[in-house]
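Below, each chain spelled out in residue letters.
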Amino acid sequence: MSTLDPAIAARLKRNADGLFTAVVQQRGTGDVLMVAWMDDAALARTLATREATYFSRSRGAQWVKGATSGNTQHVVSVRLDCDGDAVLLEVDQVGGACHTGDHSCFDADLLLGPE
């Protein structure tokens, strides 16, 4: 297993559980696909393999996106936000990103028309 580069680890701000937010965006379209949690090990694995790897709070374990569903995310770039408490993954998504099978977890509109 890969370990996270100490210079990257030093820039991260984690919550009390050692986690930080990962926002996932489709390369080319800019669509926001999903939001998940990562820990240092998940980020290290993502950087080493370019397979999006997250941390499941309910299972208490890492999971590789698409390992069971086939709906994979090939990571093109990873950026850290200015506060160090979130990363932005730009991916090539295969299949739906949402656990419902939808392209994005953000398909439900809450505003009903132009302002």
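The name given to the chain in an unreviewed UniProt entry is Phosphoribosyl-AMP cyclohydrolase, with Mycolicibacillus parakoreensis as the source organism. Annotation of the chain in UniProt includes, under Catalytic activity (unreviewed entry), the sentence "1-(5-phospho-beta-D-ribosyl)-5'-AMP + H2O = 1-(5-phospho-beta-D-ribosyl)-5-[(5-phospho-beta-D-ribosylamino)methylideneamino]imidazole-4-carboxamide". For the chain, the Sequence similarities (unreviewed entry) comment in UniProt is given as "Belongs to the PRA-CH family."

**Student:** Is there a simple way to explain the overall build of the chain in this structure?
**Tutor:** A count of helical and extended segments in the chain gives two helices and six strands. When the helices and strands of the chain are read in sequence order from the N terminus, they spell out α-β-β-α-β-β-β-β. Radius of gyration (C-alpha) of the chain: 14 Å, near the 13 Å computed for a compact globule of 115 residues. Considering the chain as a whole, with its 115 residues, one finds that 32% of them fall into the buried category. For the chain, contacts bridging at least 24 residues in sequence account for 43% of all contacts bridging at least 6. By element, 53% of the accessible surface of the chain is carried by carbon and sulfur atoms, the whole surface being about 7,000 Å². Distance from the positive charge centre (10 side chains) to the negative charge centre (15 side chains) of the chain: 7 Å.

**Student:** Please explain the pairing of strand E3 (residues 53-56) as it appears in this structure.
**Tutor:** Residues in a regular strand point their side chains to alternate faces of the sheet. Of the two faces of E3, the one holding Thr53 and Phe55 and the one holding Tyr54 and Ser56 are both buried throughout. Relative to strand E4 (residues 61-64), E3 is paired through four bridges, and the arrangement is antiparallel. Bridged to Tyr54 within E4 is Trp63.

The rules behind these values
Residues numbered from 1 in each chain as written. Predicted model: local features only at pLDDT ≥ 70, side-chain atom pairs only at ≥ 80, totals over all residues. Heavy atoms only, no water. UniProt positions renumbered as here; feature names shortened; annotations may be inferred. Helix = DSSP H or I, 4+ residues; strand = E, 2+ residues; numbered from the N terminus. Rg over C-alpha atoms; globule rule 2.2 N^0.38 Å. Buried < 20%, exposed > 50% of the residue type's maximum accessible area, 1.4 Å probe, protein only. Contact = heavy atoms within 4.5 Å. Areas by Shrake-Rupley, 256 points an atom, 1.4 Å probe, with all protein chains shown as cover. Lys, Arg positive; Asp, Glu negative; His and termini not counted. Charge placed at Lys NZ, Arg CZ, Asp CG, Glu CD. Pairing = 2+ DSSP bridges.

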